[in-house]
Structures are given as structure tokens and as C-alpha cells.
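Residues per chain, in single letters:
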Amino acid sequence: KQWYQRRVRGPYPVSMVETAMKDAHVSVNPNKSAKQQALEVLKTLKESIPIERVKMTIRVSIGQGDAKKCRDQIKALFSSISSEDNDSQFEIVGTAEPGNYKPLAEMVGKHSRGKGMCEVIGVEKSSDMDVFKS
């Protein structure tokens, strides 16, 4: 998981996250999945440092007929929309919280009867992020 600082929108160094975990008395549990622990740690760390998950850049393509039923619902799951195309197919590209990917994919699959597409094409980019890479 990649977490970044809200203020400067750059990733936190691993050492800083480890220190914050120690200060919050969080330890690794080998009986839980890494993803589950990461999400729990994120909730705990939000109380002490400004941290959040990196948003995903997602592309959704669905036929125009199918899109009429769910276009507004799809748009509601995006944080921001960078492009929208309504030619032969409804195609939308934008950023969304990682937790919204599964509902998007399920909605596209359900309304398009498996003919639509929902894909992650990257993570949100910021010019400040290069400053904090370790």
C-alpha cells in the first residue's frame, strides 16, 4: 500500500510510518492479511498524522444503452473526472478512492451483462510526489 501526506501530497518515508506505528503501539499480527492490517493501521495513523491512501485512476467503458441506467451512479463513485466520452460507448476516466473500485466494477458488470470494462490505469499523480521517494 502506498500512503501519502495530505498537505504536500507526497509519499511518507517508510521510517516515518514505522515510527508513527510504534508511537501508536501498533504491531504486526502474522495471523491477519497484510491488506487488512494496512487498512486498520491507516485508521489508527489518521489520528496522529495527516495520511490517506493514494487515489486510483480508473477507466470505465460501457455501451450507451447500458450506460443510461447507471451513468449517474458511476459518476458518483469518482472523486474527480478527467475525461468523458459519449460517442459509440460511454467512457469515463477519473480518480476514485481505492474502496470504490469494487462497487464500480460490480456495477459495470451487472448493467452491461459482462460486456463493459472497468480498469485501473494508474494512481493519482502529483508533481510533489517525487520529492519524497526513498
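Presented here is an overview of the structure given in this document. The structure presented is a predicted model; accordingly, all values stated were derived computationally and were not measured. (Residues numbered from 1 in each chain as written. Predicted model: local features only at pLDDT ≥ 70, side-chain atom pairs only at ≥ 80, totals over all residues. Heavy atoms only, no water.)

### Examining the pattern of salt bridges
Two side chains bearing opposite charge may form a pair once their charged atoms approach each other closely.
For step 1, the next point in the chain: Applying the stated criterion to the full structure yields 7 salt bridges.
For step 2, the next point in the chain: For Arg-59, the salt bridge goes to Glu-91, with nearest N and O atoms at 4.0 Å. Pair noted here: Arg-59 is in strand β3 (residues 56–63) and Glu-91 is in strand β5 (residues 89–96), with a separation of 32 residues, a long-range link.
For step 3, the next point in the chain: The exposure class assigned to Glu-91 is partly exposed, which follows from its relative accessible area of 28%. (Salt bridge = Lys/Arg side-chain N within 4 Å of Asp/Glu carboxyl O. Helix = DSSP H or I, 4+ residues; strand = E, 2+ residues; numbered from the N terminus. Buried < 20%, exposed > 50% of the residue type's maximum accessible area, 1.4 Å probe, protein only.)

### What to know about the environment of Gly-99
For step 1, the next point in the chain: Of note, Gly-99 is situated in the loop between β5 and α4 (101–112).
For step 2, the next point in the chain: Owing to a relative accessible area of 52%, Gly-99 belongs among the exposed residues under this scheme.
For step 3, the next point in the chain: With 44 residues separating them in the primary sequence, Gly-99 and Lys-55 have C-alpha atoms 9.4 Å apart.

### A few points about the nonpolar core
For step 1, the next point in the chain: Ranked by size, the top nonpolar core spans 16 residues in total, and within it Ile-58, Val-60, Ile-74, Phe-78, Ile-92, Leu-104 and Cys-118 carry the most contacts.
For step 2, the next point in the chain: Only β3, α3 (64–76), β5 and α4 provide two or more residues apiece to this core.
For step 3, the next point in the chain: Sorting elements by how many residues they give to this core places β3 first, with 4 residues.
For step 4, the next point in the chain: Once residues within four sequence positions are removed from consideration, Leu-104 is found in contact with Ile-58, Val-60, Ile-74, Leu-77, Phe-78 and Cys-118.
For step 5, the next point in the chain: Counting 9 residues, the second largest nonpolar core, distinct from the first, contains Tyr-12, Val-17, Ala-20 and Leu-42. (Core = buried A, V, L, I, M, F, W, Y, C linked by side-chain atoms within 4.5 Å. Contact = heavy atoms within 4.5 Å.)

### A closer look at helix α2 (residues 34–45)
For step 1, the next point in the chain: Compared with the 16 Å implied by 1.5 Å per residue over 12 residues, the 16 Å span of α2 between its first and last C-alpha is a close match.
For step 2, the next point in the chain: Three or more residues of α2 are buried, namely Gln-37, Ala-38, Val-41, Leu-42 and Leu-45. Taken down its axis, α2 places every buried residue within 140° of arc, on the same side. (Expected span 1.5 Å × (residues − 1). Arc of directions from axis to C-beta.)

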